[in-house]
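Structural overview
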Amino acid sequence: MRGDAGGTGRTGPTDRGADGGATGDRRAIVAKRVDAGDADLTEITRLAEAAGYEVVGGLTQTRTEDAAFMFGEGKVAELRDLVREREADCVVIDNDVGPYQTFNVGGKLPEGVEVIDRFTLILEIFGQRANTRKAQLQVELAELRYELPRAEAKASLAKRDERPGFMGLGEYDESVERDIKRQISEIRDELESIAEKEQARREQRRDSGFDLVALAGYTNAGKSTLMRQLAAELDVDENEDRHPDLATTAESEDMLFTTLGTTTRRAEMDKRDVLLTDTVGFIADLPHWLVESFESTLDSVYRADLVLLVVDASEPVPEMREKLVTSHDTLYERNEAPIVTVFNKVDRLDPGELADKRAALSGLAPDPVAVSARTGAGIAELRDRVEAELPEWERERLMLPVSDDAMSLVSWIHDHAHVDEETYADEQVTLAFEAKPSVVSRARSKAAELAPASST
Ligand SMILES: Nc1nc2c(ncn2[C@@H]2O[C@H](COP(=O)(O)OP(=O)(O)OP(=O)(O)O)[C@@H](O)[C@H]2O)c(=O)[nH]1
Ligand SMILES: [Mg+2]
């Protein structure tokens, strides 16, 4: 990571140390504004703790957004007093705070107190956890994309010559923006080549007959714990070279965003060969650029044959509902696989409570499987359900002309299906094969694009 820890800049995540974990001595006040109703500080507090802050106070306000300060000015004065009283080094605002608002609020606070928002905080956590090249690149991409509009704001302020040395960072001109854009495109290129390799690895696994099942769900739902329940013991040495992500263990902790990268393990199933992938948790209110920066991590979810959507069922129904909605929003449009909802942590529920929650959430979570990843209750039912929901393989028979294009389709089918028969006669090749429905339909449409072709 770039930048050094403890800087006084109020500009973006790159000015802070996202490069270690030695952050436990930082004292934070959390604050949140909502248009209506009561602001809930629970999640922002847990996020701040996950980033290593000690949360020493909280402040909320219900009112419309103030263009200059996000909060009303009176509230900002209250915030300043609270910061002084609790000797905080930092204010974490759980809203989408614009660059000017950040600057204005910072100006009202005691010297050296940082103002950060929800996204910067999440980026800080990701920066601390990023332990692979890919994760580091994703964090860096998100940081740069966060920084870009702020660099633009600085450039325009500097141009108006109102605030020389704005934010203590010296001169600004368009070259800063250009530099950020160049870095963004370089990182994108490198991430793309990593994504291609991962895609190739997924295809290779499919070709070896594996069904790919992804664990998705809100952060802290219990995905990694469930992964360990479902996973078979794996001979790591044997697989290390071929599948680097098979070697790592999926850690669980009662903390948001314990898992950042993806981990794949072989699942213990009756009939089908299943590879299970654990991945980064979802969270509400992420801006699109942050989601997009982590797109390739979510690929393992979107390209799965089946998604297990894990929900913490020990939470009250309104929280479960909100987290289900966030999860469905994240999956929507990108995911084509069937989804099985898993109500986890049922060891913390009474049987009656479980039935009530099932009924209350039946629209968002039809027919969920109830499990305890901790005790193992319900895991056998979950295995059965996974096998039942995995798409059945289909049989197909295609007759193709003998042409160059057709031959490349024939080899594509060999790569993606089990070919039972391949015969050449009368300038035609007949292929009988068995494959997943998606493969069969792709083969059919590719065949239809070939010149004079027919199928039975
Ligand atoms: N009581 C109970 N606790 C559970 C269960 N499953 C997981 N937990 C706890 O819930 C917390 C989160 O579990 P993880 O497996 O780390 O959750 P995750 O979804 O992987 O979380 P992130 O990787 O942080 O997004 C840990 O403290 C687990 O021990 C369960 O079935 N019952
Ligand atoms: Mg996890």
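The paragraphs below set out a description of the structure included in this document. (Residues numbered from 1 in each chain as written. Chains lettered and ligands numbered in written order. Predicted model: local features only at pLDDT ≥ 70, side-chain atom pairs only at ≥ 80, totals over all residues.)

Some words on the sheet that holds strand β7 (residues 274-278)
Backbone-to-backbone hydrogen bonds pair the strands of a sheet. The strands run either parallel or antiparallel. Across the sheet, which stays open at both edges, the 6 strands sit in the order β6-β7-β5-β8-β9-β10 with mixed pairing between neighbours. Each having just a single partner strand, β6 (263-267) and β10 (369-370) make up the two edges of the open sheet. Sheet analysis places strand β5 (residues 211-217) next to strand β8 (residues 306-312), joined by 5 bridges and oriented parallel. Note on β8: the bridge partner recorded for valine 213 is leucine 306. (Pairing = 2+ DSSP bridges. Helix = DSSP H or I, 4+ residues; strand = E, 2+ residues; numbered from the N terminus.)

Some thoughts on the packing of helix α1 (residues 42-50) against helix α4 (residues 118-129)
If you want to describe how two helices pack, look at the angle between their axes and the distance between the axes. Remark: α1 packs on α4, axes separated minimally by 9 Å, with the N-to-C direction vectors making an angle of 35°. Remark: the crossing between α1 and α4 carries left-handed chirality. Of the residues in α4, those in contact with Ile44, Leu47, Ala48 and Ala50 of α1 are Arg118, Leu121, Ile122 and Ile125. (Axes fitted to C-alpha atoms, helices over the stretch in contact; angles between N-to-C directions. Left-handed = near helix turned anticlockwise from the far one by under 90°. Contact = placed C-beta atoms within 7 Å.)

Structural notes on the site of ligand 1
By nearness alone, 22 residues border ligand 1, and Gly222, Ser252, Asp254, Thr259 and Gly281 come closest of all. The greatest single-element share of the shell around ligand 1, amounting to 3 residues, is contributed by helix α7 (residues 223-230). (Near = placed C-beta within 6 Å.)

Brief notes about unusual backbone geometry
Even without glycine at this site, methionine 70 takes up a positive phi of about 70°. Of note, methionine 70 is situated in the loop between β2 (53-62) and α2 (73-86). C-beta crowding within 10 Å serves as the criterion here: with 25 such atoms nearby, methionine 70 is assigned to the buried category. Located in the positive-phi region is aspartate 426, a residue other than glycine, with phi close to 50°. Along the chain, aspartate 426 turns up in the loop between β12 (418-425) and β13 (428-435). (Buried ≥ 20, exposed ≤ 12 C-beta atoms within 10 Å, placed from the backbone.)

Comments concerning the sheet that holds strand β4 (residues 114-117)
Reading across from one edge, β2-β1-β3-β4 is the order of the 4 strands in this open sheet, with parallel pairing throughout. Looking at strand neighbours, the two that pair on one side only are β2 and β4, the edges of this open sheet. Neighbouring strand axes in the sheet, compared pairwise and without regard to direction, differ in orientation by 25° on average. Contacts between α2 and the sheet are confined to β1 (26-34), β2 and β3 (90-93), with β2 contributing the most and set at about 160° to the helix. Contacts from α4 reach β3 and β4, with the element oriented near 90° to β4.

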